[in-house]
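# Observations on chain architecture
The primary structure of each chain is shown beneath.
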Amino acid sequence: MENTIRSLQQEIIDFEINTPEALETFRLRYTVRKGLIATLFGQLKSVEPAEKPRIGQLLNELKQSADARLSEAEEKLAATTSESGKGIDLTLPGRRYFTGSEHPVQKVLGEMKKIFSDMGFGIATGPELELDHYNFDMLNFPPDHPARDMQDTFFITNGNADSDVLLRTHTSPVQVRVMLDQKPPIRVICPGKVYRNEAISARSYCVFHQLEGLYIDKNVSFADLKATIYSFSRQMFGSDVKLRFRPSFFPFTEPSAEVDVTCYLCGGKGCRVCKKSGWLEIMGCGMVHPNVMRNCGIDPETWSGYAFGMGVDRTVLLRYKIDDIRLLFENDLRMLRQFPA
Ligand code: DAH
């Protein structure tokens, strides 16, 4: 009998009670009135009198441990089989959730914004659905300027052929909105999406990103513009980058320039990306045209300023070695997951 008690003791310890069914099996086998332990108590009277106290003691211990296991398992199961958690297996490994991460365009834009905000520039935004008036007229575009051509601009006609509404073709109208809204001194950057009705290819898309800059104060000169662009470029493209300002034309700046940086892929030696020239164009810039200032109610005799507008997407493509601009706009998870947080 002693051996039976000891092997039952071990059985009770080893018994796995993870489900209500196992709990019921355990109860029926050991603790009910006709269970194994009660049966052994019934057999106690046939044990030799001298052995009775010892065997009785062992049996009591057996009963106690069976009862303890039962109530412990009951409690555990009650906790996991409440109405909301029915059937939950707490021993299963947890589910992993996919956490989003920053889009590569936003990563690069974030770096650019940080550099300019460290130099004291605030951030301004404007609508992507813009009026012809802000996108062209106020920026000193003559009425017959080719940039207004239907081929470049998405006009939103909505059935009305003379509509003044379009998708902005550059971030420069935000300059106008800021100048109408704020008194100088003004120092802002305006990042955002712009739209152009161009042939779509790996290198150009109908939507892309620009970052505009505007600084208006007393005695602002072209030297201030150069210093700002130079400081920005060194932080963005590396401390030994060189700059080249080429004379250019924009209706809203005079004088105007386009800025190249030494190709940061080949260090200026000439490669496929810079088309063997050693230079990459990064932006247009210039001194804000007096007509634009006057349009916005700012006296060009008192104030002067510079402006610049740079493309963002090309830097993203080069930085991450992405060879097709369309990938930046398709939201394909196979591509986005390559840029974890
Ligand atoms: N808006 C021009 C473009 O999209 C870029 C530009 C050139 C912006 C010169 C400026 C500027 O602010 O001063 O091509």
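Everything numeric in this text was worked out from a predicted model, so none of it was measured.

Procedures and definitions
- Residues numbered from 1 in each chain as written.
- Predicted model: local features only at pLDDT ≥ 70, side-chain atom pairs only at ≥ 80, totals over all residues.
- Heavy atoms only, no water.
- Helix = DSSP H or I, 4+ residues; strand = E, 2+ residues; numbered from the N terminus.
- Buried < 20%, exposed > 50% of the residue type's maximum accessible area, 1.4 Å probe, protein only.
- Areas by Shrake-Rupley, 256 points an atom, 1.4 Å probe, with all protein chains shown as cover.
- Phe/Tyr/Trp six-rings, centres within 6.5 Å; stacked < 30°, edge-to-face > 60°.
- Lys NZ or Arg CZ within 6 Å of the ring centre and 35° of its normal.
- Pairing = 2+ DSSP bridges.
- Domains from an automatic or database assignment.
- Contact = heavy atoms within 4.5 Å.
- Polar contact = N/O pair within 3.5 Å; in protein donor to acceptor, adjacent residues only side chain to side chain.
- Core = buried A, V, L, I, M, F, W, Y, C linked by side-chain atoms within 4.5 Å.
- Axes fitted to C-alpha atoms, helices over the stretch in contact; angles between N-to-C directions.
- Parallel < 35°, antiparallel > 145°, perpendicular 65-115°, else oblique.
- Left-handed = near helix turned anticlockwise from the far one by under 90°.
- Nonpolar A, V, L, I, M, F, W, Y, C, P; charged D, E, K, R; others polar.

## Quick word on the overall build of the protein
- Within the protein, the secondary structure is distributed over 11 helices and nine strands.
- Each principal axis of the C-alpha distribution contributes one length, and for the protein these read about 120 × 55 × 40 Å.
- Within the protein, buried positions represent 41% of all 341 residues.
- Carbon and sulfur atoms provide 51% of the accessible area of the protein, an area that totals close to 19500 Å².

## Some remarks on the packing of aromatic side chains
- Overall, the coordinates contain 16 aromatic pairs when judged by the stated rule.
- Between Phe136 and Phe141, the aromatic rings sit 5.0 Å apart at their centres with planes inclined by 75°, giving edge-to-face as the arrangement.
- Its relative accessible area of 8% is what places Phe141 among the buried residues.
- Note on Tyr320 and Phe339: the rings are 5.1 Å apart at their centroids and 85° apart in plane angle, and the pair reads as edge-to-face. Of this pair, Tyr320 sits in the loop between helix 10 (313-319) and helix 11 (333-336) while Phe339 sits in the segment after helix 11, and the two are 19 residues apart along the sequence.
- Among the aromatic residues, those joined into a ring-pair cluster are Phe116, Phe121, Tyr215, Phe232, Phe237, Tyr264, Tyr306 and Phe308.
- Positioned over the ring face of Trp303 is Lys218, at 5.0 Å from the centre of the ring.
- Geometry around Tyr230 places Arg234 over its ring, the cationic atom sitting 5.2 Å from the centre.

## Description of the pairing of strand 4 (residues 186-195)
- Burial analysis of strand 4 places eight of its 10 residues in the buried class, the great majority of the element.
- For strand 1 (residues 122-123) and strand 4, the ladder comprises two bridges, and the chain directions are parallel. In the strand pairing of strand 4, Gly122 is matched with Val188.
- Relative to strand 5 (residues 207-217), strand 4 runs antiparallel, the two being bridged by 10 bridges. Paired with Arg187 across the strands is Tyr215, a residue of strand 5.

## Comments concerning the domain arrangement of the protein
- The domains assigned to the protein are domain 1 (2-84) and domain 2 (104-336).
- Relative placement of domain 1 and domain 2: their C-alpha centres are 81 Å apart.

## Looking at the environment of Ser248
- Tracing the sequence through the fold places Ser248 in strand 6 (residues 243-250).
- For the pair Ser248 and Val259, spaced 11 residues apart in the sequence, the C-alpha separation amounts to 9.6 Å.
- When residues no more than four places from it in sequence are discounted, the contact partners of Ser248 are Ser256, Ala257 and Glu258.
- A distance of 3.2 Å separates the side chain of Ser248 from the side chain of Glu258, its partner in a polar contact.

## Remarks on the nonpolar core
- Counting 49 residues, the largest nonpolar core has Leu211, Phe308 and Leu328 as the members making the most contacts within it.
- Sort the elements by how many residues they give to this core and helix 5 (residues 104-118) lands first, with six residues.
- Excluding residues within four positions of it along the chain, Leu328 makes contact with His103, Pro104, Val105, Asp313, Val316, Leu317, Ile322 and Met335.
- Of all hydrophobic cores here, the second largest spans 24 residues; its members include Val176, Met179, Ile186 and Leu214.

## Topic: the packing of helix 2 (residues 20-31) against helix 4 (residues 52-80)
- Following both chains from N to C, one finds helix 2 and helix 4 inclined at 165°, their axes separated by 11 Å at the closest point. Put simply, helix 2 runs roughly antiparallel to helix 4. For the crossing formed where helix 2 meets helix 4, the hand is left-handed. Residues Pro20, Leu23, Phe26, Arg27, Tyr30 and Thr31 of helix 2 form the contact with helix 4, whose participating residues are Ala66, Asp67, Arg69, Leu70, Ala73, Glu74 and Leu77.
- The residue inventory of the contact of helix 2 with helix 4, partitioned by class, reads eight nonpolar, one polar and four charged.

## Brief notes about unusual backbone geometry
- In this model, Pro184 is joined to Pro185 through a cis peptide bond whose omega is 0°.
- Position of Pro185 relative to the elements: it lies in the loop between helix 7 (172-181) and strand 4.
- The omega torsion of the bond from Glu254 to Pro255 falls at -5°, within 30 degrees of zero and hence cis.
- Note on placement: Pro255 falls in strand 7 (residues 253-262).
- One non-glycine residue with positive phi stands out, namely Asn140, at about 70°.
- On the basis of relative accessible area, Asn140 is assigned to the partly exposed category, the value being 21%.
- With a phi close to 55°, Asn331 is a non-glycine residue in the positive phi region.

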